[in-house]
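Survey of secondary and tertiary structure
The lines below spell out each chain.
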Amino acid sequence: RAGALAAQWLTPDVLRWIVAGSFIAIALWTLKPDTMDEDTRLPARGAFVATTIAFFIAEIGDKTQIATVVLAAKSSMLWPVVLGTTIGMLLANVPVVLLGSRFAAKLPLKAARMAAAALFLALAAWVAVRGVSVDAQLTQPVERIQASRR
């Protein structure tokens, strides 16, 4: 019942405007600079915890995570999959962290914020004009539910 009600309310047009609005909100949030002073340093534990939580949330449902689940399901031993995933993530992220720490002081943060905001605004405009592509197989059950309610 709740699913049918949600499907009735969350039509593709409504979802399109939710996504476009989300992109606009992110663009505006991107323009707001951090309030931490330049000379304030995070304690090592605080940076570790913040990074761990941010990385965990960002990676939930990611293609890499899904591939890891599939590999773990097919493997008779779990540790090679865990070790391979960990080393792969380190190889992908350590260079970015090292480059970021080296060039952070040289990057014009205001320009980076403006460029990111412009990108999110462009995405919002694209979604608002073009909509979000939804596979026909996914919309057919929703359309049947909506038709049965009329």
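Now for a quick tour of the structure. (Residues numbered from 1 in each chain as written. Predicted model: local features only at pLDDT ≥ 70, side-chain atom pairs only at ≥ 80, totals over all residues. Heavy atoms only, no water.)

**Observations regarding the packing of helix α2 (residues 12-31) against helix α6 (residues 109-130)**
Two elements in contact, α2 and α6, have axes separated by 8 Å at closest approach and are oriented at 170 degrees. Considered as vectors, α2 and α6 are oriented roughly antiparallel to each other. The residues of α6 that touch α2, namely those facing R16, W17, V19, A20, F23, I24, I26, A27, T30 and L31, are R113, M114, A116, A117, F120, L121, L123, A124, V127, A128 and V129. By residue class, the composition of the contact of α2 with α6 is 18 nonpolar, 1 polar and 2 charged. (Axes fitted to C-alpha atoms, helices over the stretch in contact; angles between N-to-C directions. Helix = DSSP H or I, 4+ residues; strand = E, 2+ residues; numbered from the N terminus. Parallel < 35°, antiparallel > 145°, perpendicular 65-115°, else oblique. Contact = heavy atoms within 4.5 Å. Nonpolar A, V, L, I, M, F, W, Y, C, P; charged D, E, K, R; others polar.)

**Here we look at the environment of G131**
Topologically, G131 is positioned in the loop between α6 and α7 (136-149). Overall, the relative accessible area of 12% leaves G131 in the buried class. Taking the C-alpha atoms as reference points, G131 and A20, separated by 111 residues in sequence, lie 8.8 Å from one another. In this view, G131 contacts R16 and W126; residues no more than four positions away in its chain are not counted. (Buried < 20%, exposed > 50% of the residue type's maximum accessible area, 1.4 Å probe, protein only.)

**Considering the pattern of salt bridges**
Applying the stated criterion across every chain, the model contains 1 salt bridge. Ionic pairing is found between D13 and R16, a salt bridge with its closest N-O pair at 2.7 Å. Here D13 pairs with R16, and both are found in helix α2, just 3 residues apart, close to one helical turn. The class for D13 is partly exposed, based on a relative accessible area of 46%. R16 gets classed as buried once you look at its relative accessible area, which sits at 18%. (Salt bridge = Lys/Arg side-chain N within 4 Å of Asp/Glu carboxyl O.)

**Concerning a nonpolar patch on the surface**
A cluster of nonpolar side chains, namely L5, W9, L10, V14, L15 and I18, defines an oily patch on the protein surface of about 550 Å² accessible area. When contributions to the nonpolar patch are tallied by element, the ones reaching two or more residues are α1 (2-9) and α2. Examining the composition of the nonpolar patch, we find that 3 residues originate from one element, α2, more than from any other. Looking at where V14 falls in the secondary structure, it is placed in helix α2. A relative accessible area of 35% means that V14 is categorised as partly exposed. (Patch = residues over 30% accessible without salt bridge, like charges linked within 9 Å, V, L, I, M, F, W, Y side chains within 5 Å. Areas by Shrake-Rupley, 256 points an atom, 1.4 Å probe, with all protein chains shown as cover.)

**Topic: the packing of helix α4 (residues 63-74) against helix α5 (residues 79-103)**
Running from N to C, α4 and α5 cross one another at 155 degrees; their axes reach a closest spacing of 10 Å. Relative to α5, the element α4 lies roughly antiparallel. Where α4 crosses over α5, the two elements pack in a sense that is right-handed. Counting all contacts with α4, which are made through T64, T68, L71 and A72, the residues of α5 involved are V81, T85 and M89. By residue class, the composition of the contact of α4 with α5 is 4 nonpolar, 3 polar and no charged. (Left-handed = near helix turned anticlockwise from the far one by under 90°.)

**What to know about α2**
The first and last C-alpha atoms of α2 sit 29 Å apart over 20 residues, in line with the 28 Å expected at 1.5 Å per residue. R16, A20, A27 and T30 are the residues of α2 that are buried. The buried residues of α2 occupy an angular sector of 85 degrees when the element is viewed end-on, so they sit on one face. Relative to its buried face, α2 has exposed residues pointing more than 90 degrees away, namely W17, L28 and W29. Tucked into the core, α2 has its buried residues touching α6. (Expected span 1.5 Å × (residues − 1). Arc of directions from axis to C-beta.)

None of this, on its own, says anything about what the molecule does.
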